[in-house]
Structure formats: structure tokens, C-alpha cells
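A structural walkthrough
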Amino acid sequence: MIQLKNVSYTYRKGFGLANIDLKINDGEFVFLIGPTGSGKTTLLSLMHMEIFPESGKVTIGDFDSDTIKKRKIPALRRSIGLISQSYHLLDDRNLFENVALPLHVIGHNQNDISEAVEEALDEVGLSGFEDHYPQELSGGEQQRACLARALIKNPKIILADEPTGNLDPVTSFDLVKLLEEINSEEGTTVFMASHNYSLIKSRNHRIVEIHDGKLRSA
Amino acid sequence: MNKFLFLLSEGLKNLWRHKLTVFTAVFSVFLSLSTIGVLFIAEQNTHKLIEYMRSKYKIEVFFKDSITNDQASQYLQEIRKIPGVYSTTLITKDEALKVYRSQFGDDLTEFLEYNPLPVSCVVNIKRQYDGMIKINPIIERIKEIEGVDTVNHQGRLISRIETFYEQGLLGLSGIAFAIILVTVMIISNTIKLTIYSKKDLIKALKMIGATHTFIRMPFILEGVFQAVIGAALASALLYGAVVGANELLSQLTVFTINVQWMFLSWLFLIAVIISLFGSSRAISRFIK
């Protein structure tokens, strides 16, 4: 479960989030819609505990923002699959190595890793691309590779920050469908931020709107 | 174990991934350790030189006319207790006469009808004395002994040699310390550059839940590998240079360069310590 209770956060320049209350149940698929600069990334950063609220509390599963110790943050992040607009794939590693990275962090052995990478790449439709380097892939393929990297550790939650921002409409639609499949088949909670209303309006999921750092409907 | 193997392989792979910066760091370590090695070899051989010179230091102690050989022997025991004194050799009145005869050909007792030469002794200084030998306090202590009449010594020369030796050692240590400091800075800055160029990797690792230790370890291992390679190259150069120089010297002089090769293991240790310090310093600035 993801819960934000009366959360506020202000950047030095003044803007941020104000009095956010939001609850996302386990297995739910929720869209966060709002224009550029409305606070979508800030909200996701708070959930990923890259930043901490000035007031209020963020709860992600067993982790609370006001009590979590610094050394426990990696454990929280291992339970979350994060995908973003900029893919954060490593250029000097092939797809296999990129996708395998989270399992190395956890400490899996090589055999398990090979099997899991194949499975994850197959799930996102990138089987056979193991030896390709990120720069050899299209934007959609790179985003799917990011999704494979997020999925490989079987996260309970996927946080997607404008994952379709750099993709064409067809590829964007395919990615949303893929996230929906993961949500329905694995029961993974998905919270996806987007400014593309036309992409999400026809999907049958809860939509939360953010504007100037405030939620309009939740 | 799986994590450790992965981090180890990452450290090794990073050597190839960051070829240019690695080359800079390895070359810096190589140059620094080679210089430190040369200084160490110089120090070891200077040490031999100072030991040789100390073996030539001689203090001659003349006892009063009234002092007998037996009394002089007791005074010699007192002299041997003075710090810095290695040995004493008693020269009896008869032995002094023999020396006089051999050097001047005359027999003093023939026309004086007694032996006027006093009992004396030669005092040798310790060769392997830690630091500088201060000759004046030794001479003062000898002079304080009751039966001593006069003390002949090369005090000024010895003091000059010892001061020069001490200043030389201090200078070498200073240079070595400066080189180590510069190497730490170079390694630290090289790793900083590497880390800066790997911001994406660090961001990705943080994103997927890597601990700080996991993120830091490949950079630290990379630094250690660089240091070990640099130390190996420096060791090979120093070994080759000493063997080559001795080969050449054997044809020209009897002097050879002596090296305790165990010091090469110290070079490796210094390199690893420098790299650990340098890389930790660099990483702590970026990964907090």
C-alpha cells in the first residue's frame, strides 16, 4: 500500500507540493495526470524516498518516511521498480548486463540471473536482444528494457514517471498495455505519471490529477 | 559471495572500461613508487656509507701518568657504558712503546731509562646507531672520568658528517612524503573523474536499491588494482635497474648497490594504502 498523509514539500525556489493526501491500494493501477511542472516527479521522488516531506508522512508498505533509517532506503528501493522518461540504461553494458544489475545488487547467483533476465526480456518482448547495447535500440525498446530491469526483481510496486514521454503514440499505447498486463497478472501496484491525457483517458483506471502541487481529485 | 564476485569482476572490468583514466593513475603510481624506490635504495646504500665512515671514527683517550694498566681497564668498562660507544681497545704502556718504536725507530727507554708513554685507549663508535651520533656528549662523558688526562678526537669532522647524514635522511623522508601526498591527490582526482563520468551508473544503482558500499566497492577495487599494477611495474623497473647497474659497476669498481628486496612488498603495501586513501577520499565527495 502507498499512502501520503498531508504531505508538503517545497523547493528552494518556492514551488513543490502542498497538503497531498493519497492512498493507493495493493494491486491497484493509478494514473497521475498533470501538466509539466505540476509536481508529478516530486510526488514520485517522495514515494521513492529520494526526497523527504517537510510535513506529513509517506508510507510505502512497511516503510515510513518519518522513521526510515538511511541504511534501510536501499531495501525500500529494491521493493520498487522505477521507470522514467530518461531511460537510465548504462551505455557501456549490453541489455543482458543492464537488466541483470538489480539481481547482482541483491546477490543472486549467475544461473538464477541468466534465467531471470531471459524471462524478464521475454515478458517485455525483447528476447534475442541480450547482446545489444542501449544505443542500438529504439526509444520504445529502451523503455521496455527499463521495464524489464524494473520487473526482474519482482517488485510489489512500479512507479513510472512519464515513461511514454519520449515515445510515439503507438509505442506509448503498447507500453501502457504491457504495464496493465503486469498489473493484472502479477498483482503489481502501478502508479504511472503522465501529461498525455489522451493516452490514459480510455483506460479503465483511477486517475489522480495534480496541478500546481495540489491534487484535484483522489 | 555472489555479490563479492560481482564487485570484484566489476572492479576488473572497470579497468578496461576506463582505460584512459586508468592509464593516468597507473602511470602516476608507477612514477611515484619508482621515485620512492630509488630514494629507498639510496637511503639503504647511504646507510652503508655512513656505517663505513663511523667505523673510521676514532677517539683516543690518554690516561694520567699515574694510572696503571689495571686501573685503565676499569675505566674502559665505564667508557663502554656510554651510549653510542661500540668498543674500547686498551693500549698499555708497553704496547704504546712498541708502536712508538715501530713508527719512529727510537727506543725512548734507552736514554730516559723509563717509559714516559701513558696508558691509553681507542674508543670506537657504534656503526648502526639510530639517527645521528652526537660525538660531543660522548667526549664530555669520557673527560669526566677521573683518570682521563686528554681526549683526541675528530669531533668537528664527525659532527659535520653526522649532521649531513641526518639532514639527508630528513630530506629523503620529506621528498618521499611529498611524493606520497601528490600520488594520493592524483589517484583521488583520477577516481573523481571516473566517478563523475559514471554519474549515470551511480544514479541507476541508487535507483535499483544498491547500498552505498555496493556502489563504492568497484571504484575502490579499481583504485587498488591500479595501484597493484603501478607497483608491479615500478618493482620490475627497480629490480631491472639495480641488476643492470650492478652488472655495470662490477666491471668498473668493487662497489655494488645492495638492496633488501623485501622492500618491494612495502612498495605494494604503500601503493594499496595510497589507493585506498585516494579512492575513499574521492568517493566520499560524490556518494554520501
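Residues numbered from 1 in each chain as written. Chains lettered and ligands numbered in written order. Predicted model: local features only at pLDDT ≥ 70, side-chain atom pairs only at ≥ 80, totals over all residues. Heavy atoms only, no water.

Remarks on the pattern of salt bridges
Residues and elements named next belong to chain A. Here is the rule we go by: What counts as a salt bridge is simple: a side-chain nitrogen of Lys or Arg found within 4 Å of a carboxyl oxygen of Asp or Glu. Where helices and strands are cited, they refer to DSSP runs of H or I of at least four residues and of E of at least two residues respectively, numbered from the N terminus. Relative accessibility decides the category of a residue: with a 1.4 Å probe and only protein chains considered, values under 20% of the type maximum give buried, values over 50% give exposed, and everything between is partly exposed.
Under the defined criterion, the tally for this structure stands at six salt bridges over all chains. The residue Glu 162 makes a salt bridge to Lys 40 at a minimum N-O spacing of 3.2 Å. On the criterion of sequence distance, the pair formed by Glu 162 in the loop between strand S7 (157–161) and helix H6 (169–186) and Lys 40 in helix H1 (residues 40–47) is long-range, its members being 122 residues apart. Take Glu 162 and Lys 40: they sit in the same class, and that class is buried.

Things to note about the side chain of Thr59(A)
Residue and element names in this part refer to chain A. Put simply, the test is: N or O atoms within 3.5 Å of each other form a polar contact, as long as, within protein, one can give a hydrogen and the other can take it, and as long as residues adjacent in sequence are counted only when both atoms are side-chain atoms. Throughout, a contact is declared for two residues whenever any of their heavy atoms are within 4.5 Å.
Locating Thr 59 in the fold gives a position in strand S4 (residues 55–60). Here the side chain of Thr 59 touches Asp 64 through a polar contact of 2.8 Å, side chain to side chain. The residues contacting Thr 59, other than those within four sequence positions of it, are Met 1, Ile 2, Gln 3 and Asp 64.

Remarks on the side chain of Glu162(A)
Since its relative accessible area comes to 7%, Glu162(A) is described here as buried. Beyond its immediate stretch of four places on either side in the chain, Glu162(A) contacts Lys40(A), Ser84(A), Gln85(A), Ala193(A), Ser194(A) and His195(A).

Thoughts on the interface of chain B and chain A
Formally: Accessible area that two parts lose when put together, with a 1.4 Å probe and added across both, is what the buried area reports. Nonpolar residues are Ala, Val, Leu, Ile, Met, Phe, Trp, Tyr, Cys and Pro. Charged residues are Asp, Glu, Lys and Arg, and all others, Gly as well, are polar.
In this complex, chain B contributes 20 residues to the contact, which on the side of chain A involves 21 residues. Here chain B and chain A share an interface that buries about 1,900 Å² over both sides, 61% of which is from carbon and sulfur atoms. Applying the counting criterion to the chain B and chain A interface returns zero salt bridges. Where chain B meets chain A, there are four residue pairs in polar contact (both at pLDDT 80 or more). Of all elements in the fold, only helix H1 (2–17) and helix H8 (199–207) of chain B reach the threshold of two or more residues within the side of chain B that touches chain A. Split into classes, the residues belonging to the side of chain B that touches chain A amount to eight nonpolar, three polar and nine charged.

Observations regarding the pairing of strand S6 (residues 80–84) of chain A
All names here are of chain A. Selection criterion: A pair of strands is considered paired only if DSSP assigns at least 2 bridges between the two.
For S6, a buried count of five out of five residues is recorded, marking the element as mostly surrounded by other parts of the structure. By the alternation rule, side chains of S6 split into Ile 80, Leu 82 and Ser 84 and Gly 81 and Ile 83, which are all buried. The sheet contact formed by S6 and S7 spans five bridges and is parallel. By the bridge assignment for S7, Ile 83 is matched with Ala 160.

Let's talk about the environment of Val119(B)
Residue and element names in this part refer to chain B. Within the secondary structure, Val 119 sits in the loop between helix H5 (108–112) and strand S3 (120–125). Sequence-wise, Val 119 and Leu 90 are 29 residues apart; in three dimensions their C-alpha atoms are separated by 7.7 Å. For Val 119, the contacting residues outside a window of four places in its chain are Val 61, Phe 62, Phe 63, Ile 67, Thr 68, Asn 69, Ala 72, Leu 90, Ile 91, Thr 92 and Lys 93.

Thoughts on the packing of aromatic side chains
Within a pair of aromatic rings, the relevant descriptors are the distance that separates the centres and the angle that separates the planes. Convention followed: To pair, rings of Phe, Tyr and Trp, with the six-membered ring standing in for Trp, must have centres within 6.5 Å; the planes then decide the type, stacked if under 30 degrees apart, edge-to-face if over 60, and tilted in the middle.
Per the stated rule, a full pass over the model turns up eleven aromatic pairs over all chains. Ring centres of Phe29(A) and Phe31(A) lie 5.0 Å apart, and the angle between their planes is 55°; this geometry places the pair in the tilted category. Under the relative-accessibility criterion, Phe31(A) is labelled buried at 0%. Plain terms: the ring middles of Phe27(B) and Phe30(B) are 6.3 Å apart, the flat faces sit at 40° to each other, and that makes the pair tilted. Note that Phe27(B) and Phe30(B) are positioned in helix H2 (residues 19–56) at a spacing of three residues, about one turn of the helix.

Notes on the nonpolar core
Keep this limit in mind: By nonpolar core is meant a set of buried Ala, Val, Leu, Ile, Met, Phe, Trp, Tyr and Cys residues that side-chain atoms within 4.5 Å join together.
Judged by nonpolar contacts, the single largest core of 47 residues is most densely connected at Leu33(B), Ile41(B), Leu205(B), Phe214(B), Phe263(B), Leu267(B) and Ile283(B). Every element with two or more residues in this core is listed here: helix H3 (95–106) of chain A together with H1, H2, helix H7 (155–197), H8, helix H9 (212–252) and helix H10 (263–286) of chain B. Sort the elements by how many residues they give to this core and H9(B) lands first, with eleven residues. Residues in contact with Leu205(B), not counting those within four places in the same chain, are Leu101(A), Val105(A), Ala210(B), Phe214(B) and Ile215(B). Residues Ile83(A), Leu137(A), Leu167(A) and Leu178(A) belong to the second largest nonpolar core, which totals 35 residues.

Quick word on the sheet that holds strand S2 (residues 85–91) of chain B
All names here are of chain B. For clarity, the threshold we go by: For helices, the axis comes from a line fit to the C-alpha atoms of the stretch in contact; other axes are also lines fit to C-alpha atoms, and the angle between any two N-to-C directions lies between 0 and 180 degrees.
Taken together, the four strands give an open sheet; going across it, the order is S2-S3-S1-S4, and neighbouring strands pair in antiparallel fashion. Every interior strand has two partners, whereas the edge strands, S2 and strand S4 (148–152), have only one. Going across the sheet, the axis of each strand differs from the next one's by a mean of 20°, ignoring polarity. One ladder, built from four bridges, connects strand S1 (residues 59–63) with S4; its direction is antiparallel. Bridging across to S4, Phe 63 finds its partner in Val 148.

Things to note about the packing of H2(B) against H10(B)
Residue and element names in this part refer to chain B. What counts, and what does not: Our angle categories are set so that under 35 degrees counts as roughly parallel, over 145 as roughly antiparallel, 65 to 115 as roughly perpendicular, and the remainder as oblique. Each helix crossing is assigned a hand: it is left-handed if the near helix lies turned anticlockwise from the far helix by less than a right angle, otherwise right-handed if that turn is clockwise.
Relative orientation of the contacting elements H2 and H10 amounts to 140°, with a least axis distance of 11 Å. As the angle between them shows, H2 and H10 are arranged oblique. Remark: the crossing between H2 and H10 carries right-handed chirality. Residues Val 29, Leu 33, Ile 36, Gly 37, Phe 40 and Ile 41 of H2 touch H10, and the partners they reach there are Phe 263, Leu 267, Ile 270 and Ala 271.

Notes on the confidence of the model for chain B
Our working rule: pLDDT gives the predictor's per-residue confidence on a scale running from 0 to 100.
With 98% of its residues at a pLDDT of at least 70, chain B reaches an overall mean of 82. Per the prediction output, this complex has pTM 0.65; the corresponding ipTM is 0.80.

Here's the deal with empty space enclosed by the protein
Stated precisely, the cut-off is as follows: The rule is simple: put a 1 Å grid over the protein atoms alone, call a set of points where a 1.4 Å probe fits but cannot get out a cavity, call an open set with protein on both sides within 12 Å along at least five of seven lines a pocket, and count a residue as lining if it has an atom within 4 Å of a point. Grid points are joined across faces, edges and corners, and a volume is the space filled by probe spheres set on the points.
Taken as a whole and judged by the stated rule, the model has two cavities of 30 Å³ or more. Considering only enclosed or pocket space, the largest cavity measures out at about 80 Å³ in volume. Along the walls of the largest cavity sit Arg93(A), Leu101(A), Phe6(B), Leu7(B), Glu10(B), Asn14(B), Leu201(B), Leu205(B), Phe214(B), Ile215(B), Pro218(B) and Phe219(B), which together make up its complete lining. Roughly 40 Å³ of volume is contained in the second largest cavity. Lining the second largest cavity, in full, are Ile80(A), Gly81(A), Leu82(A), Cys146(A), Arg149(A), Ala150(A), Lys153(A), Met207(B) and Ile208(B). Looking at the lining of the second largest cavity, the elements with two or more residues in it are S6 and helix H5 (139–151) of chain A. By residue class, the composition of the lining of the second largest cavity is six nonpolar, one polar and two charged.

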